[in-house]
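Here is what each chain is made of, one letter per residue.
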Amino acid sequence: MIRRGLRLGRSVALYAITPALSAAAPLMVIPAVTSRFGADGWASVATGLSLGLVAAVVGELGWAIVGPQAVAHDVDGAARLYDQALAARTCVVLPLAVVVAALSACVVPVHADAAAWVAAGVALGAVSPSWYFVGLARPVLILLTETLPRIVLLAAAAAGIARGGPLALYGAALTVAAVAAVALGGRAGGVRVFPTRSAFRRVPRTLREQWVITTGRAISSLYKAVPTTVVALVTPDLIAIWAALDRPLRMGLQVLAALPQRLQTWIARGERSDMRRRVALTIALNSGLGMVAGCAFAVVMPMVAPFLFSGSIHLPPRLCWLAALLIFVICTGRGFGLVMVARRRAGATSAAALVSAGVGLPGVALAVGPVGVDGALIALVLAEVAGIALQWIVLRRESATSLRKGRLSW
C-alpha cells in the first residue's frame, strides 16, 4: 500500500511540474505589465485573458475531458483520434480567436491592441496536444513541447515590455507559443502537425459526437471567465482588483489540475469491482487538495500581491479567504466531474455546468454592484455548489439503481 502511494505521488508530482511551470510563466510578465502600464494595463490584459479563455474552452471541444480516457482505452487508435480532434478544433478555434480579439478590443477602454492579442493567443491554445499526452501517460512530452517553449517566449515578452516594448508583446508571445506547441507536439508524439483531408471531412460528425460535452464546457467557461467582463461593464473601478484576485486563482487551479489529469487514466482503467473505491478516493483527493490549496492561497496572496502588482493593487485578507472557499468547491467539483466521465455520464457534467452558469452569471451581475468583489466571489461559490449538488444526486441515484439490481459496484 505504501509503495503504491509513493508511485502515485511521484506520478502526480510529474504531472504537477508542467502546470506549475505554465502557471509561473505569466507571473514573469505581470510585474513588467504593472510596472510599465499600471492597473489599467493589467485590467486590459486580464480582460483579454478571460475572453480568450472562453474561446479556448469552447474551441477544445471537450477533448481535455473525454480525450485522455478515450486514448487510455484505445492506444492503438489514438493517433487517428488525435487527427480528428485537431481538424475539428482548428475549424472552430480560428474564427473564435478572431471574434474574442475583436470583442476584447471593444470592451477595454485602453490598450485595445494588447487585449486583442492576448485574447487571440489564449484562444489558439485550445489546439494544444497536451490532452493526448495525458492519455498516453507521457507528461514529459507536454513539458518539452509546450511548457518550456511557452516559458521562453513569455520571458522574452516580459523582458521586452520591461525595456520599453509594447504591451501587445504579451499576446504575441502567447500566439507563437500556441502554434509552436502543435508543431513540436506533433513531431514528438508521432502524430499529425496538420490534419488529414479525411479528418476535415469528418469534422461535422466529430462536432455532433462532442456537442454534449462541448456545450457543458462552453457554459462552464462562460460563468468562470465572463465574470471579469461583467465586472468591467458593471463596476469598471473594481476590475483591477477583481482581475488581481481572479487571474492568480485561475493560475493556481491550472497547477491543481495535475491531480485530476493523473486520475483520469487511473479511474478509467479500474475494474468494476474496484470502481466504488476509486470513485470515493477521486472525490476525496480532489476535495482535500482544494482545502489545502485554498488555505495556502488565503495566507500567501496578501503578502505576494504588493510585489506581483508593483504596489498598484491591494488585496484585503477577507477577499483572499472567499477566494480560498471558491478554490475548495471548484476542486471538489472536478472530482465529481471525473467520476461522471468515468461512469459515461458526461451529460451530467454539462447539466451541472448549466446549473452553475444559471446561478453564477446573474449572481455576479446582481451582487458586484451593491456588494462589490465580495458579492461576486460568493455568487461563484454558490454556483459551484449548485453544480456539485446536481452531480451528487446523479451519483446517488446510480448507486441506488446498482444496489437494487444486486451489484456492489457502480
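Everything that follows concerns the structure shown earlier in this document.
Basis of the calculations
- Residues numbered from 1 in each chain as written.
- Predicted model: local features only at pLDDT ≥ 70, side-chain atom pairs only at ≥ 80, totals over all residues.
- Heavy atoms only, no water.
- Helix = DSSP H or I, 4+ residues; strand = E, 2+ residues; numbered from the N terminus.
- Expected span 1.5 Å × (residues − 1).
- Buried < 20%, exposed > 50% of the residue type's maximum accessible area, 1.4 Å probe, protein only.
- Salt bridge = Lys/Arg side-chain N within 4 Å of Asp/Glu carboxyl O.
- Core = buried A, V, L, I, M, F, W, Y, C linked by side-chain atoms within 4.5 Å.
- Contact = heavy atoms within 4.5 Å.
- Axes fitted to C-alpha atoms, helices over the stretch in contact; angles between N-to-C directions.
- Parallel < 35°, antiparallel > 145°, perpendicular 65-115°, else oblique.
- Left-handed = near helix turned anticlockwise from the far one by under 90°.
- Nonpolar A, V, L, I, M, F, W, Y, C, P; charged D, E, K, R; others polar.

Undergrad: I would appreciate a short explanation of helix 4 (residues 112–124) in the present structure.
TA: Residues that lie three or four places apart on an α-helix share one face, since the helix turns once every 3.6 residues. With 13 residues, helix 4 ought to run about 18 Å at 1.5 Å a step, and its terminal C-alpha atoms sit 19 Å apart, in line with that. When you tally the buried positions in helix 4, you get ten out of 13 residues, the bulk of the element. For helix 4, the set of buried residues is Ala114, Ala115, Ala116, Val118, Ala119, Ala120, Gly121, Val122, Ala123 and Leu124.

Undergrad: Please explain the pattern of salt bridges as it appears in this structure.
TA: Side chains that carry opposite charge are capable of pairing whenever their charged atoms lie near each other. Under the definition given, this model contains two salt bridges. We note a salt bridge from Arg250 to Asp246, for which the minimum N-O separation is 3.3 Å. Of the two residues, Arg250 and Asp246 are both situated in helix 10 (residues 239–256); the distance of four residues between them amounts to about one turn of the helix.

Undergrad: Quick question: what am I supposed to make of the nonpolar core here?
TA: One broad trend across soluble globular proteins is that nonpolar side chains are buried collectively. Among the nonpolar cores identified, the biggest contains 75 residues, and Trp42, Tyr170, Leu245, Phe309 and Leu315 are the most heavily contacted of them. Per element, the largest residue contribution to this core is 13 residues, and it comes from helix 13 (residues 317–342). Among residues more than four places away in sequence, those in contact with Trp42 are Ile30, Val33, Thr34, Ala240, Ala243, Ala244, Arg247, Phe309 and Ile313. Residues Leu81, Ala87, Val127 and Ala178 belong to the second largest nonpolar core, which totals 33 residues.

Undergrad: Just checking my understanding: could you explain the packing of helix 3 (residues 78–107) against helix 4 for this structure?
TA: Geometrically, a packed helix pair is captured by the angle between its two axes and the distance between the axes. Look at helix 3 against helix 4: their axes get within 8 Å of each other, and the N-to-C directions meet at 155 degrees. With respect to each other, helix 3 and helix 4 are oriented roughly antiparallel. For the crossing formed where helix 3 meets helix 4, the hand is right-handed. Facing Val93, Leu94, Ala97, Val100, Ala101, Ser104 and Ala105 of helix 3, the residues of helix 4 in contact are Ala112, Ala115, Ala116, Ala119, Ala120, Ala123 and Leu124. For the contact of helix 3 with helix 4, the per-class residue count stands at 13 nonpolar, one polar and no charged.

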